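# Remarks on the overall topology
Each chain is listed here by its residues.
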Amino acid sequence: MAQLIDGRKISQEMKDELKNKVEELKKAGREATLAVIQVGSDPASGVYVNNKKKACAYIGIRSASYELPEQTTEEELLALIGKLNRDKSVTGILVQLPLPMQIDEDKVIQAISPKKDVDGFHPENVGKLVTGGRGFVSCTPAGIIQLLKRSGIEIAGKKCVVVGRSNIVGKPMALLMLRENATVTVAHSKTRNLKEICRQADILIVAIGKPQFITAEYIKEGAVVIDVGIHRRNSADGGQSAKLCGDVCFSEAEPRASAITPVPGGVGPMTIAMLMNNCVEAMLTDA
Ligand code: NDP
């Protein structure tokens, strides 16, 4: 039976460590405020934003909410970001994505000061990840590194295949695994022989956004399988009790893997823990 990588437990451990660190930093006179901006009232975004605010309260940092109407213009949002960039009491800025159509997400990401970019999306922080400098790293891939390390899984020298090349998961994931001395292959929708490539992986990380796409024949016996995907699937009762599943077919993958993340309770909880980690890092830099 595969080792179940418990994201809930590891994320709780991390939040408790961060809570202690924040207490110490406060004694040394450091304070933190995370500005959380939400444009429009998308219910899923609302849930994410609330969870982030709750996590801030838990570890002991302030969160300031900016709930803007759906019809907010790009200029208005950029003006608010400019104000928060200049405000020395604000240590981190988070703009919940996706944004309404009239707003260019790239412009917004680039407007946030790299020193306050706790999501790690700003090109300056991405550049630091590429060149090996210190900067904020995108939370989901950073959380996966913690999951692996804290579960005692060695990365150096292993063959890692990352399926997916998005800017927020696949690409930073591949760079982080390279930084940890894995030999990395990145696969995507145009990759030929995906099954054969996946079957070479000692560590297979899947972030494609396709429910239960990765079945037994993609997995080498004894591989570590990390499932980033998250999907709601309706159950037999006609959707009354929607269940979550990942990009990996868990029931097929688990018997072949040596370790695997479940969905839910694997990668998901780590994203917020790493956001909190970035917020604490931001306390250490001068705003
Ligand atoms: P994107 O849609 O931005 O990227 C998907 C990537 O998968 C693309 O690079 C695409 O290739 C590739 N892909 C799609 N289909 C295939 C295929 N058949 N074979 C190989 N590659 C394929 O998704 P994200 O990276 O944002 O997210 C991926 C999943 O992770 C989603 O389910 C999302 O909900 C989840 N997620 C979970 C998080 C968490 O906290 N647990 C956080 C972020 C995301 P190409 O570039 O060629 O189009």
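Every value quoted in this text rests on a predicted model; they were computed, and no experiment measured them.

How big an interface is tends to be stated in terms of accessible area lost as the parts join. Here the chain is described as being made up of domain 1 (28-115) and domain 2 (139-268). Each of domain 1 and domain 2 has a C-alpha centre, and the two are 29 Å apart.

This part covers the site of the ligand. In the region of the ligand, 22 residues are neighbours, and Arg-165, Ser-166, Ser-189, Lys-210 and Thr-271 sit closest. With respect to the ligand, the side chain of Arg-165 contributes an N or O atom lying 2.7 Å from an oxygen atom. One of the side-chain nitrogen or oxygen atoms of Ser-189 is found 2.5 Å away from an oxygen atom of the ligand. Alone, the ligand offers 930 Å² of accessible surface; in the complex the protein occludes 71% of this. Each residue belonging to the shell around the ligand can be placed in one class, and the counts come to 10 nonpolar, 10 polar and 2 charged.

Tallying each qualifying case throughout the model produces 1 aromatic pair. For Lys-19, the ring lying beneath its charged end belongs to Tyr-58, and the centroid distance is 4.4 Å.

This paragraph deals with the state of the cysteines. Defined simply, a disulfide is a covalent bond joining two cysteines at their sulfur atoms. In the structure shown here, the tally under the stated rule is 0 disulfides. The cysteine Cys-160 is free of any disulfide, with Cys-198 supplying the nearest cysteine sulfur at 10 Å. Judged by relative accessible area, Cys-198 falls into the buried class, the value being 1%.

Okay, the sheet that holds strand β5 (residues 159-163) next. What the 6 strands build is an open sheet, ordered β1-β11-β8-β7-β5-β6; its pairing is parallel. For this open sheet the edge positions go to β1 (3-4) and β6 (183-187), each flanked by a neighbour on one side alone. Relative to strand β7 (residues 203-206), β5 is paired through 4 bridges, and the arrangement is parallel. Each residue of the ladder has a partner; that of Cys-160, found in β7, is Ile-203.

Moving on, we get to the side chain of Gln-38. Along the chain, Gln-38 falls in strand β2 (residues 33-39). Assessed through its relative accessible area of 9%, Gln-38 is described here as buried. The contact partners of Gln-38, leaving out residues within four places of it in the chain, are Ser-45, Gly-46, Val-49, Tyr-66, Glu-67 and Leu-68.

Analysis parameters
- Residues numbered from 1 in each chain as written.
- Predicted model: local features only at pLDDT ≥ 70, side-chain atom pairs only at ≥ 80, totals over all residues.
- Heavy atoms only, no water.
- Domains from an automatic or database assignment.
- Near = heavy atom within 4 Å.
- Polar contact = N/O pair within 3.5 Å; in protein donor to acceptor, adjacent residues only side chain to side chain.
- Areas by Shrake-Rupley, 256 points an atom, 1.4 Å probe, with all protein chains shown as cover.
- Nonpolar A, V, L, I, M, F, W, Y, C, P; charged D, E, K, R; others polar.
- Phe/Tyr/Trp six-rings, centres within 6.5 Å; stacked < 30°, edge-to-face > 60°.
- Lys NZ or Arg CZ within 6 Å of the ring centre and 35° of its normal.
- Disulfide = S-S within 2.5 Å.
- Buried < 20%, exposed > 50% of the residue type's maximum accessible area, 1.4 Å probe, protein only.
- Pairing = 2+ DSSP bridges.
- Helix = DSSP H or I, 4+ residues; strand = E, 2+ residues; numbered from the N terminus.
- Contact = heavy atoms within 4.5 Å.

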